[in-house]
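What follows is the residue order along each chain.
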Amino acid sequence: MNTDEYENGGRALYADFAEAVAAILQAAVAEHNDLRLQNIQHRAKEVDSLRAKLVKAEAAADAAIGDIAKDVSGCRLIFYTNGDVHRFGQSGILRENFTVDYDRSKIHYPDSKEDGAEFFISENWVVTLSDARCALPEYRRFARLRCEIQVQTVLDHAWAEMAHDTIYKPMTDVGFGAAKVEAMRKRLRKVMQEFLQPAGYAFDKIASDYAQLRDGKAMFDSDALGVIRACTDRNSLDDAVEKFSNYVLPNYDDYIAAAPEIIDTLSDAVIRAPAMPDVPHKSYFGEYPGIKSGAVIAKISRILESGYLLHASPERMLDALIAMRGAAATEDEREPIDDLTRHFAKHDRRTWQQVGPGLQRLLVDRIAGLEDAAFVAAAPSAAVMLREALSSTVTGTSWQAESVTLHTGSVAVTEDLKAMRRDALHQLERLHSLLGKDAAREDVRHAMLAAGDTPNNAGYTDLLGEVIMDDLAHVVGFFTAVVPDLGLEARRQLEVDLHHKFYAYHALPPGMADKPELVAAQGRLVDAITACRAVLESDPDFDRYRLLVGHDSVTPIMWAKPRIHYEAAAKERSAGIDALVASVDAASANEWLARLERFVETRSEDMATFLGLQEFIKKLAAAQPDILLDWIPRLSDRLANWLPGMLHGLSDAGHGAAVNPWIETWVAEDKYLSSIAWYLQFAEAFRFDLLATITAKGRAAEDDHILHNVAVAAARQSTKHPDGLFDAIFLPAVQSLSSRGLFGWVGGMFNWDQLGLLKGLSAEQVEPLLALIIDVPRLGTNGEALLAVIAHEHVQAVIDLIGRRFLHERETGDFRYEDLPHALHYLRTPLAAAPVEIVAAARRWFDADPSFSEFRGGRLIAQLFPNLEHPLYPLLYSQIEESREGIDFVLSVLRAFEGEKFLHPLLRAIVGFLPAEDELLRIVDIVIDSSGVLVGEYGSVEAQEARKALVAEWETDENEAVRAFATSFVKSADNQLAMERRRADRSFALRKIAYEE
């Protein structure tokens, strides 16, 4: 249709079309309760306006108007707020009812960084009716007609209407009125920037707050707390708690009055959560584990920690914390409760500004009122609270829209503070006397030591320094009194703690050393520490114990020279062990054996705890082998764990012949098999036959500890004794372990590349080992290191294993299974040396399952060749030349690279090979649009600007298809940039309003 045809009847057709589009939109919007439409306008363009547009476009008089003007038919949707516009875009109304011409659509949003940018804000979508609608008789005449749908807010519409008649179509001519038009343009810009945009954001915030209040009121009216109490499974409880937190809790008019009931309800939910049934989540993709108790408890703890509830009802919160902690059964459940307890009891800046140490005074008094039995039951929570009461640091946080400020200061010394600290210490002393176990009392002693901590990162007064040192001296005096009741390990740990405090206070800093009161307090503290040391050292067994047990034990030189000299301390400790060895003789041998049996009752997961004992045993074996030989038949099961050190010491001392009969007897009697296997991993006189026998016995008994040590021994001895260890010892042992889902052998206690076990294996030997690794849930760095050793000689086998792990993950659907480590380290070198095999395997995996290729073969290639290093580029290019399927595969690989600049040559080539409408061009868009980590509110805007600039360089390509793609991409990028700027501006403005409130 040309302009003459438009004037003679065509305009009526376009007017009817605009009216039809408006009716469709009106009906569609009405189905969405959250879209508040103020008005819909529609029109067909005036003939004179259309002619002017064609002239401006330098179009021929008989040109088809639809090809030149996209807004011949127009419809304007006017919503109340930016949120309404956003929700309309997310609703899918346009896509469901029309075919959108994205190339001709335009998003108008100013880049405020540009001087002179116009502030016309509108989403202008060019649409045609869908084929299904055009098939209907009432719409058939509108087929292929285009309509521009403008989507605006009321304020943007008002600005646009004013601008349309002033700066868009000014009554000026060359040489007339230009200055005045420019002044109006600046004034309009100012109106939008300073008034209309801020007003729009304010309306948006008001509308959002009202919607939240409306939803919250509905929940409040339906007894939101009752809903939480009625939940019988954790999934529903998690949902109910989340909704209450978001919609109800912020809207209480008097949340302090409501706090007791809220705290009771939420704490009851924490107590009930562990016993609730596990209910899986069901979805289209299958079943997933339901919410765990630890996750629910962590969420409720965060809600209780909020500014609404934390200190709204301190007495009720204290009772709730004790009850919740008492019901928690696992560390995942206890940890968030303990964190909440610390946060509740700490010296908070805002609370201090109002009541000073009043909260801590209340907590100490409430704890003091507990009966003994209740106090013991509440011990974990009470110790945390009392420890925080003794802290000298006041902390707080203040938030603004763009920043968070952390505040740190010190408590102010008053008589009330000193009395509260003394009472807190008395309660801890009381609790220490009520508890029977050293482990529980250790937590109490650590809490008491908090009295000696100075403020974190803050200056403090001389008076506070004096109070801290006197309180710490009091604590040390209490320790002195209870030393006789403590076990050896508790005494050793106490001495370590004392030394730390001595190190901190043995010399005052220059600014305090000339203050008589502080010098006197320091003297009292040092005297108290000296007295406690004297009591500790009065027990000769304690001196022996700290030499043999504990990696951080204190030696005399560490007291004489408080600055820790580790080498000197180690030499002193070694000399002390020499003296102990020299003190052992036939007369004291039985006493020493009994003593060692007592010493090894200490439990520790840290192997360094008993390094001193190992040194003692080794030296004793060299100096007094007969004593050790006499001990060996009488060892307890616990002390037998140190049998390897005894055997090594005796062997090194030349008594291997005396040891061997014992070992053979123990193996025959199935005794100490695990310890013997551990010994054999370092034995100079290695016995293959013994290790093979132990392996067979371990497999028959399915003793996992024995088999693990057997596997480690085979690995360690493989360099010196390579024959048969893999086939006869290592592989059978790890096969037995793996059959029970135990894969600790993958890590072992060694570096795989320094051993001979996996080197020189045949393909037949490698295959059963790799078959075991398919089931390893997480390879980790140790598993990767194992595979790297094999890959140096059997790279294709390892590549095939990786493919089998990909397949295993897909078949099992276990979300906890990690097919490959997140970042490769050991495997990178051997696999990167086989690029042809890697690309071929990735292509096979793609052909078998294209849907996850980006996360499998693509991710592997991206890790091995992070910059598409040679020869990856030609290998991938050959796939592009081969077929469309090859292009599809290459795109799946490139998606793993997060849109890096070096991908663009390949992407250009792909665009040049594909026809204009190929759907794979959409994947090219996706690859280009990929991003790594985005920083800040405007990170996505900056990333899109960079992508647009890169693709703009394609517009000079010699290939017409590449140029056309680039032009389309740049135009689309402009629209995306406008939408991203609008989103970022809105998000930032709403956050700023929220923090200002």
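This text goes with the structure placed above it.
Basis of the calculations
- Residues numbered from 1 in each chain as written.
- Predicted model: local features only at pLDDT ≥ 70, side-chain atom pairs only at ≥ 80, totals over all residues.
- Heavy atoms only, no water.
- Helix = DSSP H or I, 4+ residues; strand = E, 2+ residues; numbered from the N terminus.
- Rg over C-alpha atoms; globule rule 2.2 N^0.38 Å.
- Buried < 20%, exposed > 50% of the residue type's maximum accessible area, 1.4 Å probe, protein only.
- Contact = heavy atoms within 4.5 Å.
- Lys, Arg positive; Asp, Glu negative; His and termini not counted.
- Charge placed at Lys NZ, Arg CZ, Asp CG, Glu CD.
- Core = buried A, V, L, I, M, F, W, Y, C linked by side-chain atoms within 4.5 Å.
- Pairing = 2+ DSSP bridges.
- 1 Å grid on protein atoms, 1.4 Å probe; cavity = no way out; pocket = protein on both sides within 12 Å on 5 of 7 lines; lining within 4 Å.
- Points joined across faces, edges and corners; volume = space filled by probe spheres on them.
- Nonpolar A, V, L, I, M, F, W, Y, C, P; charged D, E, K, R; others polar.
- Phe/Tyr/Trp six-rings, centres within 6.5 Å; stacked < 30°, edge-to-face > 60°.
- Expected span 1.5 Å × (residues − 1).
- Bend = angle between axes of the 7 residues up to and from the residue.
- Salt bridge = Lys/Arg side-chain N within 4 Å of Asp/Glu carboxyl O.
- Axes fitted to C-alpha atoms, helices over the stretch in contact; angles between N-to-C directions.
- Parallel < 35°, antiparallel > 145°, perpendicular 65-115°, else oblique.
- Left-handed = near helix turned anticlockwise from the far one by under 90°.
- Polar contact = N/O pair within 3.5 Å; in protein donor to acceptor, adjacent residues only side chain to side chain.

## Here's the deal with the overall build of the chain
Along the chain, the regular secondary structure elements total 47 helices and 11 strands. Against the globule reference of 30 Å for 997 residues, the chain gives a C-alpha radius of gyration of 39 Å, more extended than a compact globule. Considered along the principal axes of its C-alpha atoms, the chain spans approximately 125 × 80 × 55 Å. Per-residue burial for the chain yields a buried fraction of 48% across its 997 residues. The contacts of the chain with a sequence gap of at least 6 include a subset with a gap of at least 24, amounting to 73%. If the 106 positive side-chain charges of the chain are averaged to one point and the 151 negative ones to another, these points end up 3 Å apart.

## Let's talk about the nonpolar core
Among the nonpolar cores identified, the biggest contains 141 residues, and Phe616 and Trp745 are the most heavily contacted of them. Non-local contacts of Phe616, meaning those with residues more than four positions away in its chain, are made with Leu548, Ile577, Leu580, Val581, Val584, Trp592 and Leu596. Membership of the second largest hydrophobic core comes to 102 residues, among which are Ile303, Leu318, Val476 and Phe502.

## Overview of the sheet that holds strand β11 (residues 404–410)
Picture the strands of a sheet paired through backbone hydrogen bonds; they go either parallel or antiparallel. In spatial order, the strands read β9-β10-β11; together these 3 strands make up an open sheet with mixed pairing. Of all the strands in the sheet, just β9 (347–348) and β11 have a single pairing partner and so form its edges. Sheet topology places β9 next to strand β10 (residues 393–399); 2 bridges connect them, and they run parallel. Across the sheet, the residue bridging to Asp348 is Thr395, located in β10.

## With respect to the side chain of Asn975
Locating Asn975 in the fold gives a position in helix α47 (residues 960–996). By relative accessible area, which is 9% here, Asn975 ends up buried. Not counting chain neighbours up to four residues away, the residues in contact with Asn975 comprise Tyr102, Ser105, Lys106 and Ile107.

## Observations concerning the environment of Gln193
Mapping Gln193 onto the fold places it in helix α8 (residues 178–221). Distance in space between the C-alpha atoms of Gln193 and Asn959 is 44 Å, their sequence separation being 766 residues. Those residues within four positions of Gln193 in sequence are excluded, and the remaining contacts are Phe119 and Pro198.

## As for empty space enclosed by the protein
Tallying each qualifying case throughout the model produces 2 cavities of 30 Å³ or more. Quantified by volume, the largest cavity comes out at close to 130 Å³. Lining the largest cavity are 14 residues, and of these Asn82, Thr153, Asp156, Gln197 and Gly200 lie nearest its centre. Residue assignment for the lining of the largest cavity shows that the elements contributing at least two residues are α7 (154–168) and α8. Tallying contributions element by element places α8 first for the lining of the largest cavity, with 5 residues. Approximately 40 Å³ is the volume attributed to the second largest cavity. Of all the elements in the fold, those that place two or more residues in the lining of the second largest cavity are α20 (438–449) and α22 (488–505). Split by residue class, the lining of the second largest cavity holds 4 nonpolar, 2 polar and 3 charged.

## Describing the packing of aromatic side chains
Counted according to the given criterion, the structure contains 24 aromatic pairs. Measuring from ring centre to ring centre gives 5.7 Å for Trp954 and Phe965, while their planes differ by 25 degrees; the resulting arrangement is stacked. With Trp954 in the loop between α46 (939–952) and α47 and Phe965 in helix α47, the pair connects residues that are 11 residues apart, well separated along the chain. Through a chain of ring-to-ring contacts, three or more aromatic side chains come together here, namely Phe726, Phe730, Trp745 and Trp752.

## Looking at unusual backbone geometry
In the segment running from His870 into Pro871, the intervening peptide bond is cis, with an omega of 10 degrees. Within the secondary structure, Pro871 is located in the loop between α41 (857–864) and α42 (872–882). Backbone geometry places Arg144, a non-glycine residue, at a positive phi of 70 degrees. On the secondary structure map, Arg144 appears in the loop between α6 (131–134) and β6 (147–153). For Asp223, which is not glycine, the phi dihedral falls at a positive 65 degrees. Structurally, Asp223 is set in the loop between α8 and α9 (224–230).

## What to know about α8
Helical geometry: 3.6 residues make up each α-helical turn, so side chains three or four residues apart lie on a common side. In this model, α8 (44 residues) spans 62 Å end to end at C-alpha, consistent with the 64 Å of a helix rising 1.5 Å per residue. The largest bend in α8 amounts to roughly 40 degrees and is located at Met192.

## Details of the pattern of salt bridges
For the coordinates displayed, the defined rule picks out 76 salt bridges. Among the ionic pairs, Arg361 bridges to Asp365, the shortest N-O distance being 2.8 Å. Highlighted residues: Arg361 and Asp365, both in helix α16 (residues 358–368), separated by 4 residues, approximately one helical turn. In this structure, Arg361 engages Asp423 in a salt bridge whose closest nitrogen and oxygen atoms are separated by 2.6 Å. In this pair, Arg361 is assigned in helix α16 and Asp423 in helix α19 (residues 415–434), connecting sequence segments 62 residues apart. Among the charged side chains, a salt-bridge network with shared partners connects Glu495, Arg533, Glu537, Asp543 and Arg546.

## Quick look at the packing of helix α31 (residues 656–668) against helix α33 (residues 688–701)
Interhelical geometry of α31 versus α33 gives an angle of 20 degrees and a closest axis separation of 10 Å. It follows that α31 is roughly parallel to α33 by the angle criterion. In the crossing of α31 with α33, the sense of the turn from one axis to the other is left-handed. Here Ile663, Glu664, Val667 and Ala668 of α31 lie close against α33, whose contacting residues are Leu690, Thr693, Ile694 and Lys697.

## Considering helix α4 (residues 82–91)
For α4, the complete set of buried residues consists of Asn82, Gly83, Asp84, Val85, Phe88 and Ser91. Gly92 lies just past α4 and shows a positive phi near 80 degrees.

## Examining the packing of helix α11 (residues 255–272) against helix α13 (residues 314–327)
Two elements in contact, α11 and α13, have axes whose closest approach is 9 Å; the angle formed by their N-to-C orientations is 5 degrees. Comparing their axes, α13 and α11 come out roughly parallel. The residues of α13 that touch α11, namely those facing Pro260, Ile263, Asp264, Ser267, Val270 and Ile271, are Arg316, Met317, Ala320, Ala323, Met324 and Ala327. Partitioning the contact of α11 with α13 into residue classes produces 9 nonpolar, 1 polar and 2 charged.

## Focus: the environment of Phe375
Its place among the elements puts Phe375 in helix α17 (residues 372–377). Separated by 497 residues in sequence, Phe375 and Leu872 have C-alpha atoms that sit 68 Å apart. If sequence neighbours within four positions are ignored, Phe375 has contacts with Ile367, Leu370, Ala382, Gln427, Arg430, Leu431 and Leu434.

## Observations concerning the pairing of strand β2 (residues 73–79)
Counting buried positions along β2 gives 7 out of 7 residues, so the element sits mostly inside the fold. Judged by which residues are buried, β2 turns out to be covered on both faces: Ser73, Cys75, Leu77 and Phe79 on one side and Gly74, Arg76 and Ile78 on the other are all buried. Taken together, the 7 bridges between β2 and β6 define a ladder with parallel strand orientation. Each bridged residue has a counterpart across the sheet, and for Ile78 the counterpart in β6 is Gln152.

## Details of the side chain of Lys346
Positionally, Lys346 belongs in the loop between α14 (331–345) and β9. Of the side chains bearing the opposite charge, Asp348 lies closest to the buried Lys346, which forms no salt bridge; the N-O distance is 4.9 Å. The residues touching Lys346, leaving out its near neighbours within four places in the chain, are Gln360, Glu388 and Thr395.

## Considerations on the pairing of β10
One ladder, built from 7 bridges, connects β10 with β11; its direction is antiparallel. Looking at the pairing, Ser398 lines up with Thr405 of β11.

## Things to note about the environment of Lys45
Residue position: Lys45 is located in the loop between β1 (37–44) and α2 (47–56). Along the chain, Lys45 and Tyr14 lie 31 residues apart, while their C-alpha atoms are 8.3 Å from each other. Look past the residues within four positions of Lys45 in its chain and what remains in contact with it is Tyr6, Arg11, Leu50, Lys53, Asp71 and Val72. A distance of 3.2 Å separates a polar atom in the side chain of Lys45 from a polar atom in the side chain of Asp71.

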